[in-house]
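Listed below, chain by chain, are the residues.
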Amino acid sequence: MRVAVVRFPGSNCDQDALHSLRDDLGIPADYVWHEDRDLSGFDAVFLPGGFSYGDYLRCGAIASHAPILDEVRRFAAEGRPVLGVCNGFQILCEAGLLPGALLRNLSEKFVCKSVRLLARNASSLWTAGVPQRPIAIPIAHGEGRYLCDEDTRRRLWDEGRVAFVYVDEQGRATPEANPNGSVDNIAGILNETGNVLGMMPHPERATNPLLGGTDGRTILSALSALGV
Amino acid sequence: MPTVRVTVTLKPSLLDSAGRTVAGALSKLGFDEVRDVRIGKVIRLEVERYDEQRVHAMCRQLLANPVIEDYRIEVEP
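Overview of the structure.

The rules behind these values
Residues numbered from 1 in each chain as written. Chains lettered and ligands numbered in written order. Predicted model: local features only at pLDDT ≥ 70, side-chain atom pairs only at ≥ 80, totals over all residues. Heavy atoms only, no water. Salt bridge = Lys/Arg side-chain N within 4 Å of Asp/Glu carboxyl O. Helix = DSSP H or I, 4+ residues; strand = E, 2+ residues; numbered from the N terminus. Buried < 20%, exposed > 50% of the residue type's maximum accessible area, 1.4 Å probe, protein only. Polar contact = N/O pair within 3.5 Å; in protein donor to acceptor, adjacent residues only side chain to side chain. Expected span 1.5 Å × (residues − 1). Arc of directions from axis to C-beta. Contact = heavy atoms within 4.5 Å. Phe/Tyr/Trp six-rings, centres within 6.5 Å; stacked < 30°, edge-to-face > 60°. Lys NZ or Arg CZ within 6 Å of the ring centre and 35° of its normal. Pairing = 2+ DSSP bridges. Axes fitted to C-alpha atoms, helices over the stretch in contact; angles between N-to-C directions. Buried area = accessible area lost by both parts, 1.4 Å probe.

Remarks on the pattern of salt bridges
- Applying the stated criterion across every chain, the model contains 24 salt bridges over all chains.
- Ionic pairing is found between arginine 205 of chain A and aspartate 16 of chain A, a salt bridge with its closest N-O pair at 3.8 Å. With arginine 205 of chain A in the loop between strand S11 (196–199) and helix H5 (217–225) and aspartate 16 of chain A in helix H1 (residues 14–24), this residue pair connects regions lying 189 residues apart in the sequence.
- In this structure arginine 205 of chain A comes out as partly exposed when scored by relative accessible area, which is 25%.
- We classify aspartate 16 of chain A as partly exposed; its relative accessible area is 31%.
- The closest approach of N and O atoms between glutamate 76 of chain B and arginine 5 of chain B, which form a salt bridge, is 3.7 Å. Placement of the pair is glutamate 76 of chain B in strand S3 (residues 69–76) and arginine 5 of chain B in strand S1 (residues 3–10), with a sequence separation of 71 residues.
- Owing to a relative accessible area of 31%, arginine 5 of chain B belongs among the partly exposed residues under this scheme.

Laid out in C-alpha cells, this is it:
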C-alpha cells in the first residue's frame with residue numbers, strides 16, 4: 001500500500017498527512033502535485049485539507065478540475081481507497097465523487113477544536129476498524145456545514161453511507177454536538193461503493209499521543225490493514 | 001467586447017448564514033425595516049463573442065454549484 005498525498009496550491013495539511021501516514025502509521029506515502037496526471041505506483045489517494053486555490057469561487061471548486069482529478073476519478077471507479085479531509089472533502093463534493101455540498105458554518109465562525117464522532121457505518125473499508133464508541137478527532141474549518149437535498153439525505157442513511165456523525169460524550173447526535181450546522185450532524189460520508197470517504201474532521205491530526213490523541217489511527221489504519 | 005454579468009446566489013431554500021449576520025448588523029444600526037439579507041456574487045466576464053449556451057456551460061461546470069446555487073446571466077449594454 002502506497003498512498004499519494006495530493007498537493008494543490010494552498011494545501012496546508014499535506015505535511016501533516018504525510019507525516020501521520022509515514023511516521024505514525026508506517027504506511028508508505030509520497031506527495032503528488034495537482035498537475036500530475038499519473039498515479040501509477042500508488043494504491044490510495046489522500047486529498048488533504050487547506051485552502052486550495054485560495055478557496056476562490058467556492059471551496060474546492062477550482063481544485064476539482066485539476067489534472068490529477070482524472071486519476072482520482074479512476075481510483076474511485078476502480079474501488080481503490082480515496083480519502084478527502086476538510087478541503088479534500090469539499091473537493092470530492094465539487095468533483096461530484098460525493099453528493100451534496102459544504103456551506104459556511106451556521107455560526108459564521110471558523111471552528112477549531114476537538115470533537116467527538118460516532119461511526120454510523122461499520123463495514124466500509126474506511127470504517128470497519130473504527131470502534132462503536134465516540135472517538136475524538138479535531139476539526140478546523142469555516143465551511144463545513146454539510147448539506148444535500150432530501151432524496152440524497154434519505155439515500156445516504158438507507159444505504160449506510162453516513163460514515164460519521166458529530167456526537168456528545170454519550171454518543172448522542174445532539175444540536176449542541178453539531179459544530180457547523182450540518183444536516184443530521186453529518187461529519188463524513190461514503191460513495192456508493194464505500195471506497196471514497198469525505199470528512200471534515202482531521203484524522204491525520206490524531207495519530208500521535210504527543211498531539212493529544214490517537215483515535216485518528218482507527219480510520220487511517222484501514223490503509224495498513226489493506227496490506228503494504 | 002461584450003461584457004457578461006453572471007450573478008450567483010444561494011438557492012432561496014438554503015439558510016444564508018452570512019446574510020443573516022449582515023441582517024443582524026443592519027438591525028443594530030437602526031435599519032429595522034430589513035427583513036432578510038441574501039448575499040451572492042457577481043462575476044463579470046469580458047468575452048470576444050457572446051454565446052449564451054457557452055456561458056451556461058461555464059456556469060454549470062465551474063461558476064455555480066447547482067447543488068446549492070442559482071445563477072442569472074445578463075449581457076451588459
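Section: helix H4 (residues 150–158) of chain A
- N-capping of H4 of chain A is provided by aspartate 149 of chain A, with a side-chain oxygen placed 3.2 Å from the backbone N of aspartate 151 of chain A.
- Phi for glycine 160 of chain A, located one or two positions after H4 of chain A, is positive at around 65 degrees.

With respect to helix H2 (residues 52–63) of chain B
All names here are of chain B.
- Counted at 1.5 Å a residue, the expected span for H2 with its 12 residues is 16 Å, but the 14 Å between its end C-alpha atoms falls short.
- Turning to H2, its buried residues number three or more, namely Val55, His56, Cys59 and Leu63. Along the long axis of H2, the arc covered by the buried residues comes to 105 degrees, so they all point the same way. Turned more than 90 degrees from where H2 packs its buried face, Gln53, Arg54, Arg60 and Gln61 sit exposed.
- Where H2 is buried, its residues meet S1, strand S2 (40–46) and S3.
- You can read the cap of H2 off the contacts: a side-chain oxygen lies 3.0 Å from the backbone nitrogen of glutamine 53, and it is on aspartate 51.

As for the packing of aromatic side chains
Residues and elements named next belong to chain A.
- All chains considered together, the criterion is met by 1 aromatic pair over all chains.
- The interplanar angle of 15 degrees and the centroid separation of 6.0 Å between the aromatic rings of phenylalanine 89 and tyrosine 146 together place this pair among those described as stacked. Of this pair, phenylalanine 89 sits in helix H3 (residues 87–94) while tyrosine 146 sits in strand S8 (residues 145–147), placing them 57 residues apart in sequence.
- Seen from the ring of tyrosine 31, arginine 7 lies directly overhead, with NZ or CZ sitting 3.6 Å from the centre.
- Taking NZ or CZ as reference, arginine 80 lies 4.7 Å from the ring centre of phenylalanine 75, over its face.

A word on the sheet that holds S11 of chain A
Residues and elements named next belong to chain A.
- Across the sheet, which stays open at both edges, the 9 strands sit in the order S2-S1-S3-S4-S11-S10-S9-S6-S7 with mixed pairing between neighbours. Strand pairing shows two members of the sheet lacking a second neighbour, strand S2 (29–33) and strand S7 (135–141), which therefore form its edges. In this sheet, neighbouring strand axes are inclined to one another by 25 degrees on average, regardless of whether the strands run parallel or antiparallel.
- Of the strand pairs in this sheet, strand S10 (residues 186–190) and S11 are connected by 3 bridges, and their pairing is antiparallel. Across the sheet, residue glycine 188 finds its bridge partner in S11, namely methionine 199.
- Where H1 meets the sheet, its contacts fall on strand S1 (3–7), S2 and strand S3 (44–47), and the angle it forms with S2 comes to roughly 155 degrees.

Let's talk about the interface of chain B and chain A
- Chain B puts 17 residues into the contact, and the matching count from chain A is 15 residues.
- In this assembly, chain B packs against chain A so that about 1,200 Å² is buried in total across both faces, 60% of it on carbon and sulfur atoms.
- At the junction of chain B and chain A, the tally comes to 1 salt bridge.
- When the shortest N-O distance is used, the salt bridge between glutamate 69 of chain B and arginine 58 of chain A registers 3.6 Å.
- Broken down by secondary-structure element, the contributors of at least two residues to the side of chain B that touches chain A are helix H1 (17–28), S2 and H2 of chain B.
- Sorting elements by how many residues they give to the side of chain B that touches chain A places H1 of chain B first, with 4 residues.

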